[in-house]
Amino acid sequence: QVNLVESGGGLVQPGGSLRLSCVASDRTFRVYHMGWYRQAPGKQRELVASITRSGTMDFADSVKGRFTISRDNAENTVYLQMNSLKPEDTAVYYCNAHILIPNRGVEDIWGQGTQVTVSS
């Protein structure tokens, strides 16, 4: 079984920066689409940013110009660089990946989530 392990969340002041990382536990599996989602209390989970294996990116309008996403295909890792953070960015951030599992096909895998809190 392959898992996604996230790191990098925490407490930051408005205007600050954080970098989230997410790595697939088995680096031998082929990973296709990777992305970051977030869920604030009382709200639905929403897409923050995504990136294909070839590097095509997509961002939520609310984070364009502030967040960037990148990946390392050799290490099955995806990063989310968050700059100019705002209190409304406070949420649990989840990593997501589409991973080719031998004998099972492509599966939609989620990380456990990491808390990001933006507050003074």
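As shown above, the structure is provided for reference.
Residues numbered from 1 in each chain as written. Predicted model: local features only at pLDDT ≥ 70, side-chain atom pairs only at ≥ 80, totals over all residues. Heavy atoms only, no water.

### So, the sheet that holds strand β7 (residues 67–72)
As a reminder, the rule being used: Pairs of strands are assigned from DSSP output, requiring at least two bridges between the strands. The helix count covers DSSP runs of H or I at least four residues long, the strand count covers runs of E at least two residues long, and both are numbered beginning at the N terminus. Think of each axis as a best-fit line through the C-alpha atoms, taken over the contacting stretch in the case of a helix, with angles from 0 to 180 degrees between the N-to-C directions.
One open sheet holds the four strands; their spatial order is β1-β3-β8-β7, and the pairing between them is antiparallel. Two strands lie at the open edges of the sheet, namely β1 (4–7) and β7, each paired on one side alone. Each adjacent strand pair in this sheet contributes to an overall mean axis angle of 15 degrees, direction not counted.

### Quick look at the environment of Cys22
In plain terms, the rule: Whether a residue is buried, partly exposed or exposed follows from its accessible area with a 1.4 Å probe, protein chains only, as a fraction of its type maximum: under 20%, in between, or over 50%, in that order. The contact criterion used throughout is that any non-hydrogen atoms of two residues lie within 4.5 Å.
Relative to the helices and strands, Cys22 is located in strand β3 (residues 18–24). With relative accessibility at 1%, the residue Cys22 sits in the buried group. Between the alpha carbons of Cys22 and Asn103 there is a distance of 24 Å; along the sequence they are 81 residues apart. Not counting the four nearest positions on each side in its chain, Cys22 is found in contact with Leu4, Val5, Glu6, Trp36, Asn76, Thr77, Val78 and Cys95.

### Some words on the pairing of strand β11 (residues 114–118)
Here β11 shows one buried face, formed by Thr114, Val116 and Val118, and one open face, formed by Gln115 and Thr117. In this sheet, β11 lies alongside strand β2 (residues 10–12) in parallel orientation, the contact comprising three bridges. Within the sheet, the bridge partner assigned to Leu11 lies in β11 and is Thr117. Sheet topology places strand β9 (residues 91–101) next to β11; three bridges connect them, and they run antiparallel. By the bridge assignment for β11, Tyr93 is matched with Thr114.

### A word on the state of the cysteines
For clarity, the cut-off: In plain terms, two cysteine sulfur atoms within 2.5 Å form what is called a disulfide here.
Overall, the coordinates contain one disulfide when judged by the stated rule. Across the disulfide from Cys22 sits Cys95; the S-S distance is 2.1 Å. Disulfide Cys22 to Cys95: torsion about the S-S bond roughly -80 degrees, handedness left-handed. Residue Cys22 is found in strand β3, and its partner Cys95 is found in strand β9; the two are separated by 73 residues along the sequence. Accessibility expressed as a relative area gives 0% for Cys95, which makes it buried.

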